[in-house]
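Each chain is listed here by its residues.
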Amino acid sequence: TVDGEIRFWNVDGDLLRAPIRTSYAPITRMAISPDYIAILGESESVMVYDRQTGQHIETYRAQSGPVFSVAIDGHRIHVGIPGGGFQTWSVTNQP
């Protein structure tokens, strides 16, 4: 969102839980797994949140330039970086 909040609705449009407030505004990309939410803003880092509690878990910074894409595979966060490369981190503070 443009205000940096992550909101969850059901198909009827009812808000399911309190929003997760982030320091990214706007949020440009996001990946969701059963355990985590990984978000990108307009920077070189990825913020990871616990999906159930909304607690910030980790912030990872790419080694070279802005992050273009994000994916979650179990307890690993994968990001696309300039030049067609990627970088992977293991989430150490697991829910």
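With that settled, consider the overall build of the protein. Secondary structure assignment for the protein yields 0 helices and 9 strands. Starting at the N terminus, the α and β elements of the protein follow one another as β-β-β-β-β-β-β-β-β. Rg of the C-alpha trace for the protein: 13 Å, near the compact-globule value of 12 Å for 95 residues, within the 12% margin. Structurally, the protein occupies a C-alpha span of about 40 × 25 × 20 Å along its principal axes. Sorting the 95 residues of the protein into buried and exposed places 39% on the buried side. Roughly 5,400 Å² of accessible area belongs to the protein as shown, and the carbon and sulfur atoms make up 50% of that amount. One way to put it: in the protein the 7 positive side-chain charges average out to a point 2 Å from where the 10 negative ones average out.

Turning to the pattern of salt bridges, a few remarks are in order. For the structure on display, the rule yields 1 salt bridge. In this structure, Asp-73 and Arg-76 form a salt bridge, with 2.4 Å as the shortest nitrogen-oxygen distance.

Below, the discussion takes up the environment of Arg-61. Locating Arg-61 in the fold gives a position in strand E6 (residues 56-61). Taking the C-alpha atoms as reference, Arg-61 lies 17 Å from Gly-84; in sequence the two are 23 residues apart. For Arg-61, the residues in contact, after removing those within four places along its chain, are Glu-44, Ser-45, Gln-87 and Trp-89.

What the 3 strands build is an open sheet, ordered E7-E8-E9; its pairing is antiparallel. Two strands in the sheet have a free side with no partner beyond their single neighbour: strand E7 (69-73) and strand E9 (85-90). Across this sheet, the average inter-strand angle for adjacent strands is 20°, counted without regard to direction. The pairing of strand E8 (residues 76-81) with E9 spans 6 bridges and is antiparallel. Counterpart to His-78 in the pairing with E9 is Thr-88.

A few words now on the sheet that holds strand E4 (residues 36-40). Pairing in this open sheet of 4 strands is antiparallel, and the strands run E3-E4-E5-E6 from one edge to the other. A strand with exactly one partner marks an edge of an open sheet, and here the two such strands are strand E3 (29-32) and E6. Geometrically, the sheet is characterised by an average inter-axis angle of 20° between neighbouring strands, direction not taken into account. The sheet contact formed by E4 and strand E5 (residues 45-50) spans 5 bridges and is antiparallel. When the bridges of E5 are listed, Leu-40 appears paired with Val-46.

On to the side chain of Gln-87. Mapped onto the secondary structure, Gln-87 falls in strand E9. Classification of Gln-87 as buried rests on a relative accessible area of 10%. Within the structure, Gln-87 has its side chain in polar contact with the backbone nitrogen of Gln-63 (distance 3.0 Å). Not counting chain neighbours up to four residues away, the residues in contact with Gln-87 comprise Arg-61, Ala-62, Gln-63, Ile-77, His-78, Val-79 and Ile-81.

Basis of the calculations
- Residues numbered from 1 in each chain as written.
- Predicted model: local features only at pLDDT ≥ 70, side-chain atom pairs only at ≥ 80, totals over all residues.
- Heavy atoms only, no water.
- Helix = DSSP H or I, 4+ residues; strand = E, 2+ residues; numbered from the N terminus.
- Rg over C-alpha atoms; globule rule 2.2 N^0.38 Å.
- Buried < 20%, exposed > 50% of the residue type's maximum accessible area, 1.4 Å probe, protein only.
- Areas by Shrake-Rupley, 256 points an atom, 1.4 Å probe, with all protein chains shown as cover.
- Lys, Arg positive; Asp, Glu negative; His and termini not counted.
- Charge placed at Lys NZ, Arg CZ, Asp CG, Glu CD.
- Salt bridge = Lys/Arg side-chain N within 4 Å of Asp/Glu carboxyl O.
- Contact = heavy atoms within 4.5 Å.
- Pairing = 2+ DSSP bridges.
- Axes fitted to C-alpha atoms, helices over the stretch in contact; angles between N-to-C directions.
- Polar contact = N/O pair within 3.5 Å; in protein donor to acceptor, adjacent residues only side chain to side chain.

These values are about where atoms sit, not about what they do.
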